[in-house]
Structure formats: C-alpha cells, structure tokens
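Letter by letter, the chains look like this.
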Amino acid sequence: MEIRAFLLCIILFCSSYTTLALYEDQVGLMDWHQQYIGKVKKAVFQTQKAGRKGVVVSTEENAIAALDLRHGEIFWRQLLGVNDAIDEIDIALGKYVVTLSTGGSVLRAWNLPDGQMVWESLLLGSKPSRSLLLTPTHFGADKDNVILVYGNGCLHAVSTIDGDILWKKDLAQNGIDVQHLVHHEESDTIYALGIGDTSQFEAYVINVRNGELLKHSSMVFPGGFSGDLSLPTSDKAVVLDSSGSILVSISFVGGEINFQEDQISDLLQGYSGAAVLLPSKLAGMVAVKIDRSLLFVEVKAEGTVEVVDTVPHVEAVSDSLSFAEGQTAFGLIQQDGGKIQLTVKSSNDWKSHFLKERIEFDQQRGLVLKVFINNYVRTDRTYGFRALIVMEDHSLLLLQQGAVVWNREDALASIIDVTTSELPVQKDGVSVAKVEHNLFEWLKGHLLKLKATLMLATPDDVAAVQRIRLQSAEKSKMTRDHNGFRKLLIVLTRAGKLFALHTGDGRIVWSRLLNAFCKSGTCESPRGLKLYQWQVPHHHALDENPSVLVVGTCGYKSDASVILSFVDAYKGEELNYLAPAHSIMQVIPLPFTDSTEQRLHLIIDAEGYGHLYPRTPEAVDIFQKELGNIYWYSVDVNNNLLKGHVVKKNCKVEIADGYCYESSDLWSVVFPSDSEKIIATSTRKLSEVVHTQAKVNADQDVLYKYISKNLLFLATVTPKAVGDIGSVTPEDSWLFIYLVDTITGRVLLRMSHHGCQGPVHAVFSENWIVYHYFNLRAHRYEMSVVEIYDQSRADNKDVLKLVLGKHNLSAPVSSYSRPEIMTKSQSYFFTHSVKTVAVTSTAKGITSKQLLIGTIGDQVLALDKRFLDPRRTVNPTQAEKEEGIIPLTDTLPIMPQAYVTHALKVEGLRSIITIPAKLESTTLVFAHGVDLFFTRLAPSKTYDSLTDDFNYALLLLTIVALVIAIFVTWIWSERKDLQEKWR
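These figures come from a predicted structure and were not determined experimentally. Per chain, the residues get numbers from 1 upward, laid out in the order the sequence is written. The predicted nature of this model means local features are confined to residues of pLDDT at least 70 and side-chain atom pairs, given and counted, to a pLDDT of 80 or more, with totals for whole chains, interfaces and linings taken over all residues. Computation of side-chain values covers all heavy atoms of the structure but excludes hydrogens and water.

Draft legend 1. Structural detail: the overall build of the protein. A run of H or I in DSSP counts as a helix once it spans at least four residues, and a run of E counts as a strand once it spans at least two, with each numbered from the N terminus. If you tally the helices and strands in the protein, you get eight helices and 64 strands. Residue contacts are counted whenever heavy atoms from the two residues lie within 4.5 Å of one another. Once local pairs closer than 6 in sequence are excluded, the contacts in the protein between residues at least 24 apart make up 51%.

This is the structure in structure tokens:
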C-alpha cells in the first residue's frame, strides 16, 4: 500500500503541472502584434498645456492618432471606415480633436487625452465640393466658439460644445469652387473666397451669428486662373494666371475686389519652365516652385510683391507658426544625398533665422515630402524648434537638436503583397564558448521553471522566466531551424519599399526603397504590384542567396510600362533593374527553373503577347520544349468576359526580341450584362500539397477527390444586386456560382442562390470551395461549401492494381477528357460579416484544415473545416460519428477560444497569409492591414512534437523519482522475501 501511495503521489504531481498552466505566460512566445498608422497627411502639435506632449496626426489609412513626442509611441488611435477619408484635422478649445471627413459630410470631435468620440454631426449639402475647416479661437466675447465647415457646396456653423448645427448657407452657385474661409479677430464676419469658371474671383461676406449673406462680390480676370489660391494675409490672396507666368495679387477688403499683376520673369531673371504656387500657408508671403528651387515672394500691404530670396533644392516647406507676441516662423527642408538641412526662418525678418541644422539620415527613406514644425522653451528661456517630417517611404521622423529623436516605419501599414524566404543554413564551426554559454542559459532557464513549478520561485524568478521566454535566442536566430518556424517575410508596401520581417519576433531585418520605385527616378508615378520568388537555391544553399522579383508599373493606365526589380532576400540589395517597353496585364510563374535555379516567368502585356524572363538562351530552350502546353486565362470584369488562351509561337519579326511569344484565344464565356455581373473569382494555391486523393466515408465507401489546379471559382449576381446590401429586394436578387475548367472553358458546375447578394469572399482548397455572402430573405450572412468528387474512378477500388501501377489513379489526367463529377453542397448561417477568408496549409497536407476568417471586427477566427462538411446530418449514425461528422445545425458556431488573435485587433485587416512549416502539424499565419499579426497554428494539435515550454527538468525529476521508487520497492521486496524464508 505504501508503494502504491507513493507512485500515486508522483503521478498526481506530474499531472497537476499541466492543469496549472495559464495562457497569459505564453503571450508573445509564438505570436507578435505591431501597430502602425500609415502615411501622415496632416499633423497638429499639442504642447501648450502641462502634461504629456504629443502630436495629433491624420493618415492616408483614415486613421487619427495621438503620438508621444518623446518616443513616437501611440497614445491612442481611431480608424475610420474605408470610404471615410479624413479631409481636415484641428484642435478646438484645447481639449477636442476635430476631424472633417467623407468629402466634408461628417464632422467629429474626439477627446484629446484618450481619443473617445465626444460628438458627431452629419453635414448635408447640394453638390460635391472641396472640404474646408476653420476653428477660430473666438468670434467675440458674447459668442460661444463655433466651428466653420464648408463641404458639399454648403457652409455650416457648428457648436464646438455639442456639435449642433447653428446655421447653414448654400454657396453652390454657378460652379463656384470655394477655397478659403477667412476670419478677422474680434469680427462678426467671415469671408468665403473662391474661383468660378476658371477666370472669376468670388468673395462672400457672411455674418457669423446667423449666416446672413452681407455681400457677394465677383470680378473676372481676363487671363484666367490656374491652380489654387494662396492666402498670405487675411485681406489678400495670390494666384497664378492660366499660363503660369503671371502672379496675380487679389485684394478683397470689405468685399471690394482689386487685381494686380506681376510677371514672374520680372521677379526672377532668367526664368524658364512651369511655375507652381505651393499650398503652404506662410505669413505675409507665398512660395513659388520653379524646377527644384523655391521663389519666396513677399506680399506688401499695398498689394505689391517683392522677391525675398530664391532657395535651391527645397523639398518641403511648413506652414507658418505663431509662437510669441507678433513672432511667426516657418521651416524648410533642403536635401542633399544622405543629409538634410532644416532651416527655421522668421516670417518678419528673412535675413534672420531661428535654427539651421544639418542632419544625417538613412538614404533608403527617399525624399522629404512634408514638414511640420513646433516650438518649445529651452532651459535658458529661449525658443527651440522641432520638426516632424514625412518621407517618401511613408516613414515618420522627429528632428530635434540636430538629431533624429525617433522614427516610425509606417509604410508597413500599407502592405500590398507578401512572400516568404528561408533563412540561411547554419554553417559548421560553432565555438566551444558559445556552446557552453547556450548550455548554461538552457540549464538556468529550466531550473527557474522547476522552481516555479515547485512554487519556490520569487517574483524576480517569475519575471526572469517570462523574459527568457520572450527573448528566446532560438526563435530570433538568423538561421534555419529544423521545424521551419524561422523564416523571412518579404513584404512590398505601397510606397515601393521592401521589408524583410523575422517571423520569430517581427523585427525588421532589412528594408530597401527600391530605385525603380523612387520618385526621383525616371518614372514619375511608379506603382508596385506583386512579389514573386525568383531564385530559390536548393543545391547551392550555402553559396547562393535566394532572390525575389518585384513587379510594378510606371503609371496607373492599362498600357503603362512594366518595372522589374530583382532583390537579394538575405541582404536586401537590388541586384538588377529592368524597365522594358512593354506593358503588363498578368504574370504567370512557370513550373520550370534553369541551371541557376531561377524560376521562369511569363509576363502578359495589354495586347496579349507573352514576354519570357529571365532573358537567357537557356530559358528560351526550356520554354520552347513546353511551347503549346502553356495555358492561361483572363477575366474581364467590365465586359463580363472570361477567356482562355494558349501560347503558340514566337512573335512576328518586326516586334520580336527573341523572348516574345504570341498567344491565341481557345475559348470564351460571355455572361449577358443584362442578367449577370462578375463580382468575385478564386483559385487554388499553386503550392498547395494534397496528401491523398481518396476519402473513405462512414460506409467504408471510397470517394475520390476531383483535384485540378486548373479550376476557377467565379461568382456573379444580377445587375440590380451589384450595390450595397439591402439595395435590392430578395425577388430581384440572384447569386450564381460557377466552376470553370480554365484549359477547356468547360463549365463543370453552376449553382444559384435566390434572394442572395454579395460581396462574395471565397477560398478554394483541394476539392472544396467555401464562399461567404448575404441572404436577403433571412437577413443574415451565410457560408456555403461545395465538394467535388471524381466519379470516373469510383468503380476502381482494387488495391493490388494500385500497387502494381495498373490502377487508373496512376494514369495521366487530361483536362480535355470530359470529367464525370459528383458534387455535395450545404449552406449554413454565419453571424459575422467577413473581410477576407484563407485556409491553413501544411507541408504534406496531412493535418486537418481550418478556415481563417477575417471578421468585420478586424480579428481572425479559426473555424474547423468539419463544421463545413456537406455530409452533416441532424442525426448522424454511429459510423458517421466515429468518422468525425458533427451533427447538423443551421448556424456555424463561434467560440471565443477560436479567435487566433485573442483579444487583439488587426486594424484595417486586408489579407491573411498562411505558410506551411516543416513540421507537418504546424502552419504559420500572417495577417496584415494597418496592423501586423503573426502566429503559429496547429489545427490538429502538435501531435508530432513537444511544445516549446515543455519542462524537461520536471521530466528528469520524474524519471529520477521513478528510478528511486523502483530501487526502494526492489529493496522492500527483497527484504520481504528474506523474511518469508526465515519463517
């Protein structure tokens, strides 16, 4: 009995360790989360009151954020909708952040300390127009502060306290473009200034108390206007004429309009080229850009202008800043290579300047796009200045006292494509000291874990355990691991900058603003499109680095020329840059590699010609062998057309370059525009691995999956159902889904859903498709699943034939043979709106699949594929239960534990990427939007490995205890036998 009690105590002690494990101590071990805001459009500093100093910014990702001036961290952040673009931002009453968005239609006030919304006002108007926001400090002692907003052709006065609309004035007359709102201190009138019919200056004088129009003046300028008005003073405006060669000064005091003209050639000797009036608000002057030089022109009280200075190589100019009694200043940035010069000049005296600093920075950030300045008081009571600058790569930098205080890589908020790369192979020859150090750290970590298990650890020991876990040397190494968890995520951003992120901790390994996508290059408006794996060394992994292909265009038109950049995946070096003359419509990665393991790619241009890369004789020889066996398809959403093509022969002599190929149309499917409209397509991943084609059901019957990489899922709706949800009645709305073989154009399946509407989000894996849509009749979202099986092999179940190779499973499959397919489908209600859908992928395809659903709440939900099994029934048989079929319910379950992102949000979620690890049970998941999130998933649990936090010390202690117990029981047994023999 004593022996049994001892062994039972050991077993209970070992099992109690697993039940005491908490998820909190695993945070950050397998996942990481990073927050960004995007490219900054406008910034307002808040440093006047006591407390934390910050800057409030609005970005191109429709985000409003308050940043810490010390470290650049986010105090708070709010993201508006995709179609809710922020037009203007300001601070009112020192406690509200006021934003104007959606083309001047929505005005909101946010609490400055914590970012909570205080009020919201909807401003309606008669016609679209530019958006203007004016938050004057006061209109008079007897008048509450109001906010003036111009949008949708109407001027609104809104109360700062509660957002009530005090009055509204419609100014949308005769196509007038109102560009400025002007208010004089202690005055009850405001001026609304604009241009009508490109040659007429308009001035409205309005009573701010009741919105009464006091006066409306207009005057025609014979030369016409070009560009926007600039407002150097509160009673004068400046604009260029239609030719861009005359500077026109406009006086509008009391509504009386006067023009004064000055030739730019008279102001600047040797002037040539086009002049552009900068939108910067400078006190008493305007800035005219000519080439890369800035002409600063002072506007005097009598309306005359005078050139103050010409400054070369100016990249950005800030607005004027009032910082003392009658003192105003502005900042300008000059850039030369890897150095920028920040100059803060006085608006009152041009010859004096408050600051002049030269600062070194990373050239990979490109040119300076915008600068915002702010002042502070030094310890000696003099004024100092800091500058917030926005770079070409969308990064944000704070400059102060001649140095970069902090920087933010906010280009990562606008990722457009992702690919992966393996890390370098670990080379032999590790030093003994390093081995001893790693062994010591390993032992130290497990001893601390053992102390924590035995509840002997101090708070410092617990903190040390957590620190060791989070800063594990294993997960952050720059070499491959045997499980395939450590990889490089190569991401392409909208700015044309390439980043390599380590999957272990999310750090930036390298970044590169590609020369091909720099605005200072030959292309004026470069645009990145896609990333492809170009070279993946297998035989020479120790000697050669992998590389990626970055594809872009020079412009946004369909016939824009292509840009190709080849980048080293380990170092980030741009190996080569090509700018061929042809355009790009589609890139086809081919399943062929040359002797250097470079993958062949075929780029299809706007005219349907194919261009082969790499441009080498070896690549041509490889491609020629497969000529006539290269198929591709195109989807023309605008014309409701689906077409199939085949590459046939080389191009004609007059346009041929040796790497150009013609293609011919094989088939086409035209959807009648009066009955259907294409809204979504989906295909299988080319790299997906299918473990087995056979599927044994509960009746011991074998079903053969219809596996084809040439299948296309396509969804259409009736024309009336193209709009937003609820814009059509259920009777007029139909959703159709098609499965099309892209080699032959044969439609394998057509299904219809009456009373349903898009948007449709679909994922295609193995032999099944899952798609999400909205059911208008039920007023709920639905998810449907379709599984496809090959009936032509249903009668061949002879295992002996399969082993001998005579089974038709081992016979080649042709897309031209008519398939005999069987489909199973089922639909379920789903409670969430969906942004994106993905599916887990593993190395061998053995592990069960999970759907990864990006919800409208910017979280990632993992849903077992078994819930979307079309064979589910209300009362499954015992055999079906043993197979794992779940009883049928009308709604898919959502369990809180199924959220991959836990309590975190991936704000602005756009896409979910899955990458198989070498360990079959595990898949890597990367979700990106404005935020980034990475984690590891094991859909069928980690059945092939021990977890990272497995306590080897406890296992060793258990083994030692069992050995001691065995030895003790052996001694007791021997003594008992001896005593019995003496009886």
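Draft legend 2. Inspection of the sheet that holds strand β59 (residues 834-839) at higher detail. Two strands are counted as paired when DSSP detects at least two bridges linking them. Read across the open sheet, the three strands follow the order β59-β60-β61; overall the sheet is antiparallel. Two strands in the sheet have a free side with no partner beyond their single neighbour: β59 and β61 (860-864). Across the sheet, the axes of successive neighbouring strands diverge by a mean angle of 25 degrees, strand direction being ignored. For strand β60 (residues 850-855) and β61, the ladder comprises five bridges, and the chain directions are antiparallel. Across the sheet, the residue bridging to Gln850 is Asp864, located in β61. Axes here refer to lines fitted to C-alpha atoms; in helices the fit is confined to the stretch in contact. Angles between the N-to-C directions go from 0 to 180 degrees.

Draft legend 3. Quick look at the side chain of Thr419. Mapped onto the elements, Thr419 comes out in strand β35 (residues 415-422). Under the scheme applied here, a residue whose accessible area is under 20% of the maximum for its type counts as buried, over 50% as exposed, and between as partly exposed, the area being computed with a 1.4 Å probe on protein chains only. The class of Thr419 is buried, set by a relative accessible area of 11%. Thr419 has contacts with Leu488, Leu489, Ile490, Leu531, Gln533 and Val548, leaving out every residue within four places of it along the chain.

Draft legend 4. The arrangement of the pairing of strand β15 (residues 189-196) in detail. Burial of β15 is extensive: eight of the eight residues sit out of reach of the surface. In β15, alternate side chains face the same way, and those of Thr189, Tyr191, Leu193 and Ile195 on one face and Ile190, Ala192, Gly194 and Gly196 on the other are all buried. Counting the residues between successive antiparallel strands, the hairpin from strand β14 (residues 176-183) to β15 contains five residues, one of them, Glu186, with a positive phi of roughly 60 degrees. Of the strand pairs in this sheet, β15 and strand β16 (residues 200-207) are connected by eight bridges, and their pairing is antiparallel. Residue pairing in the sheet places Ile195 in a bridge with Phe201 of β16. A loop of three residues connects β15 with β16, the two strands running antiparallel in sequence, and Asp197 in this loop sits at a positive phi of about 55 degrees.

Draft legend 5. Structural view of the side chain of Asn640. Residue position: Asn640 is located in the loop between β46 (631-636) and β47 (641-650). Within polar-contact distance, the side chain of Asn640 engages the backbone oxygen of Glu676 at 2.4 Å. Among residues more than four places away in sequence, those in contact with Asn640 are Val669, Val670, Phe671, Pro672, Ser673, Glu676, Lys677 and Ile678. Think of a polar contact as two N or O atoms within 3.5 Å of one another; within protein, one of them needs to be a possible hydrogen donor and the other a possible acceptor, and neighboring residues in sequence only count if both atoms come from side chains.

Draft legend 6. Here's a closer look at the pattern of salt bridges. Salt bridges are counted wherever a side-chain nitrogen of Lys or Arg sits within 4 Å of a carboxyl oxygen of Asp or Glu. All chains considered together, the criterion is met by 34 salt bridges. Between Glu662 and Lys649 there is a salt bridge; the shortest N-O distance is 4.0 Å. Residue Glu662 is located in strand β48 (residues 660-670), and its partner Lys649 is located in strand β47; the two are separated by 13 residues in the primary sequence. Residue classification places Glu662 among the buried positions, given a relative accessible area of 14%. Between Glu787 and Lys865 there is a salt bridge, with its nearest N and O atoms 3.0 Å apart. Pair noted here: Glu787 is in strand β57 (residues 780-790) and Lys865 is in the loop between β61 and α7 (878-883), with a separation of 78 residues, a long-range link. The exposure class assigned to Glu787 is buried, which follows from its relative accessible area of 2%. We classify Lys865 as buried; its relative accessible area is 11%. A cluster of three or more residues bridged by salt bridges with shared partners is formed by Arg365, Asp393, Glu409 and Lys497.

Draft legend 7. Up close: the packing of aromatic side chains. Pairing of aromatic rings covers Phe, Tyr and Trp, the last counted by its six-membered ring, and requires centre-to-centre distances within 6.5 Å; plane angles under 30 degrees mean stacked, over 60 mean edge-to-face, and any other angle means tilted. In total, this model carries 22 aromatic pairs according to the counting rule given. Aromatic rings pair up to connect Phe323, Phe354, Tyr383 and Phe385 into one cluster. The ring of Trp350 has Lys345 sitting right over it, with the charged end atom 4.7 Å from the ring centre. Both a distance and an angle decide whether a charge sits over a ring: NZ of Lys or CZ of Arg must be within 6 Å of the ring centre and within 35 degrees of the ring normal.

Draft legend 8. Broad picture of the sheet that holds strand β18 (residues 225-233). Taken together, the four strands give an open sheet; going across it, the order is β18-β19-β20-β21, and neighbouring strands pair in antiparallel fashion. This sheet does not close on itself; its edge strands, each paired only once, are β18 and β21 (258-263). Direction aside, neighbouring strands of the sheet carry axes that sit 25 degrees apart on average.

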